[in-house]
Amino acid sequence: MNPTTEPSVDFPVAASVRPESTDALVDVLREHAAGARPVRLCGAGSQLRALPAPSADTAPTLVSSAALDRLLRLDPDDLTCSVEPGLRLADLATALREHRLCLPCPPAGATTVGGLFAAGRSLPEAPGALGARHLLLGLSGVLGEGLRFKSGARVVKSVAGFDLQKVFVGSRGRLFAATELHLKLRPLPAAVVGFESPREAADPALRRWRALRRASQPPASLHLEGDPCQGFVVRGVLAGPQRVLDRVCREHGLEPKAAEPTPAWTLDRDVPGEQVRGERLLGAVRPSRADELLQGLSPDERIRLDGAGGFAIATANPGRTDQLLQWIVELDAVAEIAIASTDRRGRCTPTDPTAGLLETALRKALDPHQVLR
Ligand SMILES: Cc1cc2nc3c(=O)[nH]c(=O)nc-3n(C[C@H](O)[C@H](O)[C@H](O)COP(=O)(O)OP(=O)(O)OC[C@H]3O[C@@H](n4cnc5c(N)ncnc54)[C@H](O)[C@@H]3O)c2cc1C
């Protein structure tokens, strides 16, 4: 069972509830829709301070699906499972390990499966790795007005209707509440080793990062991390048959070491209790333009660049963040302010107008009374 700590938020909320069953969740949504009262959905709440806050005049009820935390079905032969959205990623990983299976996504401990897919920030961490959209086969959900529905399927090969589960990824709790998720799994790799390069200047670090991206067996996770002043390290995890990993290590001059947990994606320094200073930008750049991104950083600006081009940048102040956002557009890249005060979170590089229209139309169709904020 999940611990019952209340999610911590930095915006006003009217109340905080944690329905113990799908029926109870449906009732909560129906009551709120009938009373025109807004709701903010959440899981464990780890992202609530890193996603856009509700508008200043809205104090929603926080509705957490963390108590809906059952593993409902596991089919090891079919490499699929079905879970409730509040199941913690760590608990799912433990259950799957018994069958030598895994959900290939960044390990994120006490956070929930529903939150992982709805936050939609899990880009593949290396070339060829699966993204969140590929891992979600289908779902059951509830609209803001309390109406239940199903989308997609439990199995890998299916042509079952409109793929509403695809728009769940990245919907940030604004389209509907997921109540059951059908997931595609992968076998656990035969062997796993970590690696970490010496700290070096941007050019050699980028050469190493590119060479590893092109490796015959690219790393399962690959990160370049550091700042122009202190230099950069390239670290990650190789997964696969031991003899292949030995060969990749030899070819790239890597010293194998124990695989370590993925470093904090928010780029917070690893000091308990230390406040995040400045702001954090999250984005994605074409790997071919990653060198320009690094060249544009000020000496003390830290970056974490994933193997597929996802990045986080720690900036010192809002003015600098805005400057970087403008410049990122010139690189044909995208970014969003993820960690900042509530009035600044969610500011981003211009979105594609057609995608914007589609998002507005979907919201209007699925949540016409604007219950989900
Ligand atoms: C140590 C650590 C490392 C991490 N590393 C990475 C990383 O490398 N890359 C990365 O991309 N992410 C990373 N994350 C983020 C994290 O994996 C996910 O975003 C996380 O799983 C969110 O779970 P949560 O339960 O805290 O979600 P919450 O913060 O509660 O919610 C996240 C979003 O999902 C929505 N939501 C939650 N449940 C539902 C539901 N049932 N129906 C509809 N909407 C819902 C909420 O409205 C919100 O918009 C990391 C997190 C941690 C703690």
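This report concerns the structure included in the present document. (Residues numbered from 1 in each chain as written. Predicted model: local features only at pLDDT ≥ 70, side-chain atom pairs only at ≥ 80, totals over all residues.)

## A closer look at the environment of Ala178
The condition that has to hold: In DSSP terms, a helix is any run of H or I states spanning at least four residues, a strand is any run of E spanning at least two, and both are numbered starting from the N terminus. Exposed residues have 12 or fewer other C-beta atoms within 10 Å of their own C-beta, buried residues have 20 or more, and residues in between are partly exposed; the C-beta atoms are placed from the backbone. By the convention adopted here, residues are in contact when the distance between their C-beta atoms, placed from the backbone, does not exceed 7 Å.
Along the chain, Ala178 falls in strand S9 (residues 177–184). Given 28 C-beta atoms within a 10 Å radius, Ala178 is considered buried. In this structure the C-alpha to C-alpha distance between Ala178 and Leu139, which are 39 residues apart in sequence, comes to 6.8 Å. Each residue touching Ala178, except ones within four places of it in the same chain, is listed here: Pro85, Gly114, Ala118, Leu139, Gly141 and Phe168.

## Here we look at the environment of Ala93
Assignment of secondary structure puts Ala93 in helix H2 (residues 89–97). Each C-alpha atom, one on Ala93 and one on Arg30, is 33 Å from the other, the two residues being 63 residues apart in sequence.

## Overview of the pairing of strand S12 (residues 221–227)
This is how the line gets drawn: In short, DSSP must find at least two bridges between two strands for them to pair.
Most of S12 is tucked away, with 6 of its 7 residues classed as buried. Taken together, the 7 bridges between S12 and strand S13 (residues 231–240) define a ladder with antiparallel strand orientation. Opposite Leu224, over in S13, you have Val234 as the bridge partner. As consecutive antiparallel partners, S12 and S13 are separated by 3 residues. Relative to strand S15 (residues 302–306), S12 is paired through 4 bridges, and the arrangement is antiparallel. Within S15, the position partnered with Leu224 by the bridge is Leu305.

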